[in-house]
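# Results of the structural survey
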Amino acid sequence: MNTVQQNLKLIREDISSAAAKSGRKTEDITLLAVTKYVTIERTKEAVDAGIVDLGENRIEGFLEKQAAIGDEAIWHFIGSLQSRKVKEVINQVDYLHALDRLSLAKEIQKRAAKKIKCFVQVNVSAEATKSGVSPAETLAFIQELAAYPAIEVVGLMTMAPNTQDEDVLRSVFSGLRQLRDEAAAQNMSHAPCTLLSMGMSNDYKIAIEEGATHVRVGSALVGPY
Ligand SMILES: *Cc1c(COP(=O)(O)O)cnc(C)c1O
């Protein structure tokens with residue numbers, strides 16, 4: 001198994017070249033290590049290698065890693081969140097990547113002791129198995145979130161289909177970027193909506209070329225699982 005440091009070196013090179021290719025700055029791209037399938041030890045290895053942003057998709061794993069690592073990291077909750085579980089985790093989260101319904105916003109409003117930075121999850125590829133609001137509903141959804149002052153919409157998030165087809169991936173990522181541009185252009189005070197969380201191990205280079213500001217990389221960085 002490679003060390004995280006070895007993987008990280010290669011991924012950082014990829015990030016720099018994808019950024020350069022699309023005329024962007026490397027420092028505008030945040031690499032999240034998705035640690036959901038790995039141990040606390042392997043997660044610490046990532047932090048020691050210089051990773052600051054950590055992502056988990058389940059409450060148990062999130063709280064366990066956070067208890068072990070603490071404030072050294074920035075904590076991203078990237079999975080779908082059941083409303084009844086919001087109270088267990090919301091005040092520990094620095095960024096929530098999967099805001100996808102008003103009932104969740106309402107529960108966050110009820111439980112949050114601070115403003116919560118949220119990405120609205122969009123189901124750009126319209127796959128039945130994926131959560132997220134539809135592209136057509138996204139702007140109206142963001143507008144409705146103005147009624148929940150605990151929520152700050154920092155950007156949009158999507159999961160691309162599991163495919164190697166570059167054209168499909170590019171059209172999903174550029175679709176999210178266009179929606180982000182439309183939302184940001186509305187200058188809503190609760191929704192600056194400047195960020196784009198998109199790209200995983202298979203497709204982060206393409207996502208960066210299409211404008212990703214946050215890539216969520218698991219297996220290529222801390223794997224093999
Ligand atoms: C697991 C997961 C990732 C990382 O997936 P890899 O293919 O291992 O890089 C990214 N985003 C979300 C929402 C995930 O659940």
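Source: prediction; values computed, not measured.

### Concerning the overall build of the chain
Scanning the chain from terminus to terminus reveals 9 helices and 8 strands. Taken over the C-alpha trace, the chain has a radius of gyration of 17 Å; the compact-globule value for 225 residues is 17 Å, and the two agree within 12%. Its C-alpha atoms put the chain at 45 × 40 × 30 Å along the principal axes. Every one of the 225 residues in the chain was classed for burial, and the buried ones make up 50%. Excluding contacts between residues fewer than 6 apart, the proportion of contacts in the chain whose partners are at least 24 apart in sequence is 55%. Here the chain has roughly 10400 Å² of accessible surface; of this, 47% comes from carbon and sulfur atoms. Charged side chains in the chain number 26 positive and 29 negative. The centres of these two groups are separated by 4 Å.

### Concerning the packing of aromatic side chains
Under the counting rule described, the total for this entry stands at 3 aromatic pairs. For the pair phenylalanine 62 and tryptophan 75, a centre-to-centre distance of 5.8 Å together with 70° between the ring planes defines the contact as edge-to-face. Remark: tryptophan 75 occurs in strand 3 (residues 74–77) and phenylalanine 62 occurs in helix 3 (residues 59–69); sequence separation between them is 13 residues. Judged by relative accessible area, which is 0%, phenylalanine 62 ranks as buried. Judged by centre distance (5.7 Å) and plane angle (65°), the rings of phenylalanine 62 and phenylalanine 77 are edge-to-face. Of this pair, phenylalanine 62 sits in helix 3 while phenylalanine 77 sits in strand 3, and the two are 15 residues apart along the sequence. An identical accessibility class is assigned to phenylalanine 62 and phenylalanine 77; each is buried. Through a chain of ring-to-ring contacts, three or more aromatic side chains come together here, namely Phe62, Trp75 and Phe77. Just above the ring of tyrosine 95 sits the side chain of lysine 117; from NZ or CZ to the centre is 5.8 Å.

### A word on the environment of alanine 212
Along the chain, the position of alanine 212 falls in the loop between helix 8 (204–209) and strand 8 (214–217). Under the relative-accessibility criterion, alanine 212 is labelled buried at 0%. A C-alpha to C-alpha distance of 9.3 Å links alanine 212 and methionine 157, two positions 55 residues apart in sequence. Contacts of alanine 212, omitting those with residues within four sequence positions, involve Arg24, Ile29, Leu196, Met198 and Ala207.

### Considerations on the site of the ligand
Neighbouring residues of the ligand: 13 residues in total, closest Lys36, Ser201, Arg216, Gly218 and Ser219. Here an oxygen atom of the ligand sits 2.7 Å away from a polar atom, N or O, in the side chain of lysine 36. In the model, an oxygen atom of the ligand is placed 2.8 Å from a nitrogen or oxygen of the glycine 218 main chain. For the ligand, whose unbound accessible area comes to 390 Å², protein coverage reaches 88%.

### Looking at the packing of helix 2 (residues 40–48) against helix 3
Remark: helix 2 packs on helix 3, axes separated minimally by 10 Å, with the N-to-C direction vectors making an angle of 55°. If you check the angle between helix 2 and helix 3, you find them oblique. Handedness of the crossing formed by helix 2 with helix 3: right-handed. Seen from helix 2, the contacting residues are Ile40, Thr43, Lys44 and Val47; seen from helix 3, they are Glu64, Lys65, Ala68 and Ile69. In terms of residue class, the contact of helix 2 with helix 3 is made up of 4 nonpolar, 1 polar and 3 charged.

Quick notes on the rules
- Residues numbered from 1 in each chain as written.
- Predicted model: local features only at pLDDT ≥ 70, side-chain atom pairs only at ≥ 80, totals over all residues.
- Heavy atoms only, no water.
- Helix = DSSP H or I, 4+ residues; strand = E, 2+ residues; numbered from the N terminus.
- Rg over C-alpha atoms; globule rule 2.2 N^0.38 Å.
- Buried < 20%, exposed > 50% of the residue type's maximum accessible area, 1.4 Å probe, protein only.
- Contact = heavy atoms within 4.5 Å.
- Areas by Shrake-Rupley, 256 points an atom, 1.4 Å probe, with all protein chains shown as cover.
- Lys, Arg positive; Asp, Glu negative; His and termini not counted.
- Charge placed at Lys NZ, Arg CZ, Asp CG, Glu CD.
- Phe/Tyr/Trp six-rings, centres within 6.5 Å; stacked < 30°, edge-to-face > 60°.
- Lys NZ or Arg CZ within 6 Å of the ring centre and 35° of its normal.
- Near = heavy atom within 4 Å.
- Polar contact = N/O pair within 3.5 Å; in protein donor to acceptor, adjacent residues only side chain to side chain.
- Axes fitted to C-alpha atoms, helices over the stretch in contact; angles between N-to-C directions.
- Parallel < 35°, antiparallel > 145°, perpendicular 65-115°, else oblique.
- Left-handed = near helix turned anticlockwise from the far one by under 90°.
- Nonpolar A, V, L, I, M, F, W, Y, C, P; charged D, E, K, R; others polar.

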